[in-house]
Amino acid sequence: MQTRLDRLRAIMAGRALPALLVSAPANRRYLSGFTGSSGALLITPARALLITDSRYTLQAAREAPDFAVRELINPGRPLPAVLKAAAAEQGLTQLGFEAAFVTVAEHRALADALAGVVELVPVEGLVEQLRVVKEADELAILRRAIAITDAAFAATLPRLRPEMSEREAAWMLEVALRIGGAEAISFPIIVAAGPNGALPHATPGDEPLGSGRPIVIDMGARVAGYHADLTRTVVLGEADERFWQIYDIVLEAQRRAIAGMRPGIHTHVVDALARDYIGSRGYGEQFGHGLGHGVGLEVHEGPGLRRALPDAPPVALQPGMVTSVEPGIYLEGWGGVRIEDLVLVTSEGATVLSQAPKLRS
Ligand code: ZN
Ligand code: ZN
């Protein structure tokens, strides 16, 4: 954990930021190792405090040995009061806070407690930029989560029947993930049969899986806080010509994007490799979402593979990044085809980590 803190401190120094309050749960866990649901970190060049409540103080001391644990008491000694005392102790005059994770009410309480002493500075993405490149131990956990996901999919697929509901299929997949070693599911499993598959994030319901029509399955195991993410589109019974035509376009779009992934390439260029191909086949309007996203302590994190935003600087792939590559085509009234693999950027190119079977290889 020390090197993560060191790297964060280097970023803080580059911005002349003397202290940072870390509130985002995934960032808190990444820096400290603390897995509790409540708490905040105060990072300065010399000190690292973990502030949490009495439910977690013993756990925090055990999980986060590099941090000094401070107990807050609500009501009585809430977070702003603990920060005020720490700021006085360390002579802080500025404190960065994670603008995307502090509510207006929390900000007001902090501003009141620190008024006239400490200036609050909104920051974004400081810890997130460290998390985009995975370390060896994180990769090992991700590979385990992916293997559990692949195995659960492969074991469940032959047991699906046309008369089963989407909900029943989703439950069978969830049970397989849990029995296979997942501590939780990464997100509510999607099983979307026939026309329901036209909604990229459909909720499984009473709809039978049916035969001869596309079924989109999107699922993932969570292991030690890390999220796998896998989509396969399958058909029970015989698929028709239209299905194969669309399936092959999506598969080829995915193949082209993965073939182009290597260090230095910009994420919007990878997105375009898939998007332009789908567009050239006449389905550009039917592929509305981004091509992919990073995975890790959050199921959706950086880097995003998506169209360039007008005012955001381009992001280049680096070795150690793990992203999904998940092109899709969605046709109202018919359904959808999405194929999603997790891909590791290596020094030479990219390695596909997901190994769940596809209808065509
Ligand atoms: Zn997914
Ligand atoms: Zn995904």
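If you're wondering where the values come from, they're calculated on a predicted model, not measured in any experiment.

*Asks:* Tell me about the layout of surface pockets, and please be specific about residues and values.
*Replies:* Estimated volume of the largest pocket: approximately 1,000 Å³. Around the largest pocket, the lining comprises 40 residues; the ones closest to its centre are Glu301, Gly302, Pro303, Gly304 and Arg306. Considering every element that reaches the lining of the largest pocket, the biggest residue donor is strand S14 (residues 301-305), with four residues. When its residues are assigned to classes, the lining of the largest pocket shows 16 nonpolar, 13 polar and 11 charged. Each of domain 1 (2-131) and domain 2 (136-352) accounts for three or more of the residues forming the lining of the largest pocket. The space that makes up the second largest pocket amounts to roughly 230 Å³. What lines the second largest pocket is a set of 13 residues, and nearest its centre among them are Ser23, Ala40, Leu79, Phe101 and Glu106.

*Asks:* Mind laying out the sheet that holds strand S5 (residues 94-98), listing which residues take part and the relevant values?
*Replies:* Paired through their backbone hydrogen bonds, the strands of a sheet run either parallel or antiparallel. Read from one edge of the open sheet, six strands run S4-S3-S2-S1-S5-S6, paired in mixed fashion. Where the open sheet ends on each side, the last strands, each with one partner, are strand S4 (68-72) and strand S6 (119-123). Direction aside, neighbouring strands of the sheet carry axes that sit 25° apart on average. For strand S2 (residues 40-43) and strand S3 (residues 48-53), the ladder comprises four bridges, and the chain directions are antiparallel. Directly across from Leu41, in S3, lies its bridge partner Leu50. Against the sheet, helix H2 (residues 25-32) touches strand S1 (20-22), S2, S3 and S5, its axis set at about 55° to S2.

*Asks:* Can you lay out the pattern of salt bridges for me, pointing to particular residues and giving the numbers?
*Replies:* Applying the stated rule across the entire model yields 20 salt bridges. Residue Glu135 pairs with Arg7 through a salt bridge whose shortest N-O separation is 3.0 Å. Within this pair, whereas Glu135 is found in the loop between helix H6 (128-131) and helix H7 (136-156), its partner Arg7 is found in helix H1 (residues 2-14), the two being separated by 128 residues in sequence. On the basis of relative accessibility, which here comes to 31%, the residue Arg7 falls in the partly exposed class. A salt bridge links Asp341 to Lys358; the nearest nitrogen and oxygen atoms lie 2.6 Å apart.

Criteria and cut-off values
Residues numbered from 1 in each chain as written. Chains lettered and ligands numbered in written order. Predicted model: local features only at pLDDT ≥ 70, side-chain atom pairs only at ≥ 80, totals over all residues. Heavy atoms only, no water. 1 Å grid on protein atoms, 1.4 Å probe; cavity = no way out; pocket = protein on both sides within 12 Å on 5 of 7 lines; lining within 4 Å. Points joined across faces, edges and corners; volume = space filled by probe spheres on them. Helix = DSSP H or I, 4+ residues; strand = E, 2+ residues; numbered from the N terminus. Nonpolar A, V, L, I, M, F, W, Y, C, P; charged D, E, K, R; others polar. Domains from an automatic or database assignment. Pairing = 2+ DSSP bridges. Axes fitted to C-alpha atoms, helices over the stretch in contact; angles between N-to-C directions. Contact = heavy atoms within 4.5 Å. Salt bridge = Lys/Arg side-chain N within 4 Å of Asp/Glu carboxyl O. Buried < 20%, exposed > 50% of the residue type's maximum accessible area, 1.4 Å probe, protein only.

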